[in-house]
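# Per-entry structural report
Residues per chain, in single letters:
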Amino acid sequence: SIIAETITNAFVITTQYHHLAVGAGATTVLETEHGFRLIDAGVGTDGGADLSTAVLDRLTDIVGDKPIVEVMISHLHADHTNLLPRIAEKFPIGKIRAGAVQFSDPRFQELLKQVAEAQARGVQERAKAEFDTKRADWEAREGSKIGDIPKRQRAFEGAREVYARDALVRMQ
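My aim in this report is to walk through the structure given alongside it, one point at a time. (Residues numbered from 1 in each chain as written. Predicted model: local features only at pLDDT ≥ 70, side-chain atom pairs only at ≥ 80, totals over all residues. Heavy atoms only, no water.)

Note on strand geometry: in a regular strand, side chains alternate between the two faces of the sheet. Taking burial as the measure, the eight residues of strand E4 (residues 25-32) include eight buried ones, the bulk of the element. Neither face of E4 is open: one carries Gly25, Thr27, Val29 and Glu31, the other Ala26, Thr28, Leu30 and Thr32, and all of them are buried. Strand direction decides the pairing type here: E4 and strand E5 (residues 35-39), joined by five bridges, are antiparallel. Bridge pairing in E5 places Thr28 opposite Ile39. (Buried < 20%, exposed > 50% of the residue type's maximum accessible area, 1.4 Å probe, protein only. Helix = DSSP H or I, 4+ residues; strand = E, 2+ residues; numbered from the N terminus. Pairing = 2+ DSSP bridges.)

Put into structure tokens, the structure is as follows:
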């Protein structure tokens, strides 16, 4: 997390900047006192899935488990947008900004659909992981009433699914 550093009586450093330039692609990360913002979210297509995973891993190292408050898309070329669905699955994203020309483009509308689906998957997966950490509590309450181990496991999985669906509803 960023800590404001006083430089003079009038100036304070309040932002850190990370530019992940990969081939023709770019993802720029701004860390401010208000959270993380991305400018573009893509990598060149020549590197394939390994390159995308490496950039996503580097982004994870920078952002950690914090949300991304905003993603700003400069233009709709794939090397500036193709990581956005994967980022949306891994991190909560507050806003996505684009110009009017990009917004009205059918490719951008398709990208937003992919982002929404990925964001929903991510919310549910994080909720399931959170519920898994509470298994001992569940076992002590609801689970203790079910003697049959396979039935108890099915009941736990059902409760976990409900918890994940509820997380998605809370997000909306």
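The discussion continues.
Counting residues in hydrophobic clusters, the biggest one holds 25 residues, and the most contacted among them are Leu59, Val63, Ile68, Leu84 and Ile87. Among the elements of the structure, E5, helix H1 (48-63), strand E6 (68-72), helix H3 (84-90) and helix H5 (106-133) are those that each provide at least two residues to this core. With near-sequence residues (within four places) excluded, Ile87 lies in contact with Leu38, Ala41, Leu56, Leu59, Ile68 and Ile93. By size, the runner-up hydrophobic cluster in this structure holds ten residues, among which are Phe156, Tyr163, Ala164 and Leu168. (Core = buried A, V, L, I, M, F, W, Y, C linked by side-chain atoms within 4.5 Å. Contact = heavy atoms within 4.5 Å.)

Evaluated as defined, the whole model comprises eleven salt bridges. Note that Glu89 and Arg121 form a salt bridge whose closest N and O atoms lie 3.4 Å from each other. Remark: Arg121 occurs in helix H5 and Glu89 occurs in helix H3; sequence separation between them is 32 residues. On the accessibility criterion, Arg121 (40% relative accessible area) is partly exposed. A salt bridge links Arg135 to Glu139; its shortest N-O distance comes to 3.2 Å. Highlighted residues: Arg135 and Glu139, both in helix H6 (residues 135-140), separated by four residues, approximately one helical turn. (Salt bridge = Lys/Arg side-chain N within 4 Å of Asp/Glu carboxyl O.)

This part takes up H1. Across its 16 residues, H1 extends 23 Å between first and last C-alpha, which sits within 8% of the 22 Å expected from 1.5 Å per residue. Among all positions of H1, only Ser52, Val55, Leu56, Leu59, Ile62 and Val63 are buried. Projected onto a plane normal to the axis of H1, the buried residues spread over an arc of 115 degrees and lie on a single side. Of the exposed residues in H1, those oriented more than 90 degrees away from the buried face are Asp50 and Asp61. (Expected span 1.5 Å × (residues − 1). Arc of directions from axis to C-beta.)

With 23 residues, helix H7 (residues 149-171) extends 33 Å from end C-alpha to end C-alpha; this agrees with the ideal 33 Å at 1.5 Å per step. Taken together, the buried positions of H7 are occupied by Phe156, Tyr163, Ala164, Ala167 and Leu168. On its buried face, H7 is in contact with H5 and H6.

Nothing here speaks to function; it is geometry throughout.
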